[in-house]
Amino acid sequence: MSIFALKVSEDMRSSIFNSLKEDGIARFTWSYVEEGNLLTIKEQINNSGWNSLNDDQKECWKANFMLNIQPDDYIVYINVPSYGECTIAKVTSEYFWGWDSYKMDGSHCLHIDKGSIQVFNRNDEGIPSNLSRRFKLQGKYWRIYLETEFTKLVEDLKEGRLSGKNATPESRLTNCINSNIKPYLDKICEELQKFHTGKHLEELIASVLKKIPNVENVQIKSGTSDKGGDIIFEYKNELGDILGFQKVEKVAIQVKSYEGTINYAQAINDLENIFNYDSEITTGIIMTTATQVSNTFKEKLDSLKEKYQKNVSIIYGSDFANWILKYGYSKEN
């Protein structure tokens, strides 16, 4: 796969974009005379030499890179359909001359897959900066060699994962973490499950909680009661000190050592039992080494939250690993 970025003049943006959407044809300029057919010019050069071309043919030959574009390559129109936007399309045929249809500049043509057409904001926060900068004008045409980043962009566009918002330093950092670090966090979570099953995971979480500021009275309840939660602790809300009174939240954690996708309704039933048993509990959390949560599980968790009007959440996968690393990791270990 090769990726070609193309610039077209502002007055041709609309017609170029319409040809893509309506006819499935990608067009390029440097083709303003009838004898500008690159295939014909190439044959003439081979037969009669460069000096046999007239000045217009020599000018049109500047677009000869079009002959190198093959099916399954991609083209990217810069500032099309409007400034700051880009349009990508997947090529389905080799070069052909479209003068008979257009009788004007923009007759260097390629057939494209209309279903592959995507329009995006080139400064989107979801696009890494090394790729985004390649969508800035760098001449009439140029190659983009960042195939891995570009392939991900195509997938993100198909799945609707770009926000349309301009990137900021903070959003680029978030994108970097999500793209490159999060997969490792999922792996760490899987390893935590192997080394901390059952009560060992409860002990790990309890030990981490004791290191967090404003967390008090951490107690492991598992094995002493089936209604009190695996871990109970109190959290002193700093806002209470600011407003002149002490605000303490009582939190219950259900710990589930789990592999893969959690769809274990008993974990939610356990939280409900906690709420029924201890009215002072203000927050219920499920902490699990599962790396995914089923939609059914999420719906049941939302129903529990609505029923009791309490804070209810689940920490799993990369978020769980991140929490352990943030609060539990020590350089001394």
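As shown above, the structure is provided for reference.
Conventions and cut-offs
Residues numbered from 1 in each chain as written. Predicted model: local features only at pLDDT ≥ 70, side-chain atom pairs only at ≥ 80, totals over all residues. Heavy atoms only, no water. Helix = DSSP H or I, 4+ residues; strand = E, 2+ residues; numbered from the N terminus. Rg over C-alpha atoms; globule rule 2.2 N^0.38 Å. Buried < 20%, exposed > 50% of the residue type's maximum accessible area, 1.4 Å probe, protein only. Contact = heavy atoms within 4.5 Å. Areas by Shrake-Rupley, 256 points an atom, 1.4 Å probe, with all protein chains shown as cover. Pairing = 2+ DSSP bridges. Axes fitted to C-alpha atoms, helices over the stretch in contact; angles between N-to-C directions. Parallel < 35°, antiparallel > 145°, perpendicular 65-115°, else oblique. Nonpolar A, V, L, I, M, F, W, Y, C, P; charged D, E, K, R; others polar. Polar contact = N/O pair within 3.5 Å; in protein donor to acceptor, adjacent residues only side chain to side chain. Phe/Tyr/Trp six-rings, centres within 6.5 Å; stacked < 30°, edge-to-face > 60°. Lys NZ or Arg CZ within 6 Å of the ring centre and 35° of its normal.

K.L.:
Help me understand the overall build of the protein, please; the structure alone is not making it clear to me.
P.N.:
Summing up its helical and strand segments, the protein has twelve helices and 14 strands in all. Rg of the C-alpha trace for the protein: 30 Å, well past the compact-globule value of 20 Å for 333 residues, more than 25% over. A total of 333 residues make up the protein; the buried ones form 44% of that total. By sequence separation, contacts in the protein at least 24 residues apart represent 65% of the contacts at least 6 residues apart. Here the protein has roughly 17900 Å² of accessible surface; of this, 46% comes from carbon and sulfur atoms.

K.L.:
Sorry, what's going on with the pairing of strand β12 (residues 281-288) here?
P.N.:
For a regular strand, side chains alternate in direction, first toward one face of the sheet and then toward the other. Burial of β12 is extensive: seven of the eight residues sit out of reach of the surface. Taken together, the seven bridges between strand β10 (residues 247-256) and β12 define a ladder with parallel strand orientation. By the bridge assignment, Ile-253 is partnered in β12 with Ile-285. Strand direction decides the pairing type here: β12 and strand β14 (residues 311-315), joined by five bridges, are parallel. Looking at the pairing, Met-287 lines up with Ile-315 of β14.

K.L.:
Would you mind showing me how to read the packing of helix α10 (residues 265-277) against helix α11 (residues 295-308) here?
P.N.:
For any two helices packed against each other, one specifies the inter-axial angle together with the distance between the axes. Where α10 meets α11, the closest approach of the two axes is 10 Å, and the angle between their N-to-C directions is 10°. By the angle class used here, α10 and α11 are roughly parallel. Facing Ala-265, Ala-267, Ile-268, Leu-271, Glu-272, Phe-275 and Asn-276 of α10, the residues of α11 in contact are Phe-297, Lys-300, Leu-301, Leu-304, Lys-307 and Tyr-308. When the residues that make up the contact of α10 with α11 are grouped by side-chain class, the tally is nine nonpolar, one polar and three charged.

K.L.:
Is there a simple way to explain the sheet that holds strand β8 (residues 215-220) in this structure?
P.N.:
What holds strands together in a sheet is hydrogen bonding between their backbones, with the strands either parallel or antiparallel. Pairing within the open sheet is mixed, and its five strands lie in the order β8-β9-β10-β12-β14. Two strands lie at the open edges of the sheet, namely β8 and β14, each paired on one side alone. Across the sheet, the axes of successive neighbouring strands diverge by a mean angle of 20°, strand direction being ignored. Strands in contact with α10 are β10, β12 and β14; relative to β12, the strand with the most contacts, it is inclined by about 160°. In the packing of α11 onto the sheet, contacts are made with β12 and β14, and the angle to β14 comes to roughly 155°.

K.L.:
Even after reading the chapter, I still don't get unusual backbone geometry, so can you show me in this structure?
P.N.:
Backbone phi values are negative for most residues with the exception of glycine, while trans is the configuration of most peptide bonds. A cis amide bond links Val-80 to the next residue, Pro-81, at an omega of 10°. Residue placement: Pro-81 occurs in the loop between β3 (74-78) and β4 (85-91). Residue Asn-79 is not a glycine yet carries a positive backbone phi of 60°. Turning to its location among the elements, Asn-79 is positioned in the loop between β3 and β4. By relative accessible area, which is 5% here, Asn-79 ends up buried. The phi dihedral of Asn-217 is positive, around 55°, even though this residue is not glycine.

K.L.:
So what exactly am I meant to see when it comes to the side chain of Ser-93 here?
P.N.:
Looking at the element boundaries, Ser-93 is found in the loop between β4 and β5 (96-97). Ser-93 sits in the buried class, given a relative accessible area of 17%. Among the polar contacts made by the side chain of Ser-93, one reaches the main-chain amide nitrogen of His-111 at a distance of 3.1 Å. When sequence neighbours within four positions are dropped, the list of residues in contact with Ser-93 reads Pro-71, Leu-110 and His-111.

K.L.:
It is not clear to me how the packing of aromatic side chains should be interpreted in this structure. Could you clarify?
P.N.:
Describing an aromatic ring pair means giving the distance of the ring centres and the angle of the ring planes. In the structure shown here, the tally under the stated rule is ten aromatic pairs. Between Phe-4 and Phe-65, the aromatic rings sit 6.1 Å apart at their centres with planes inclined by 25°, giving stacked as the arrangement. Pair noted here: Phe-4 is in strand β1 (residues 3-7) and Phe-65 is in the loop between α3 (55-60) and β3, with a separation of 61 residues, a long-range link. When its relative accessible area of 6% is taken as the criterion, Phe-4 is described as buried. We classify Phe-65 as buried; its relative accessible area is 5%. When the centroid spacing of 5.3 Å and the interplanar angle of 65° are considered together, the rings of Tyr-74 and Phe-150 count as edge-to-face. Here Tyr-74, found in strand β3, pairs with Phe-150, found in helix α6 (residues 147-159); they are 76 residues apart in sequence, far enough to count as distant. Side by side, Tyr-74 and Phe-150 carry an identical accessibility label, which is buried. Cluster of aromatic residues (ring-pair linked, three or more members): Phe-4, Phe-28, Trp-30, Phe-65 and Tyr-141. We note Arg-143 situated over the ring of Phe-4; from NZ or CZ to the ring centre the distance is 5.1 Å. Above the ring of Phe-275, the side-chain terminus of Lys-310 is found at 5.6 Å from the ring centroid.

Shape is all these values report; function is a separate question.
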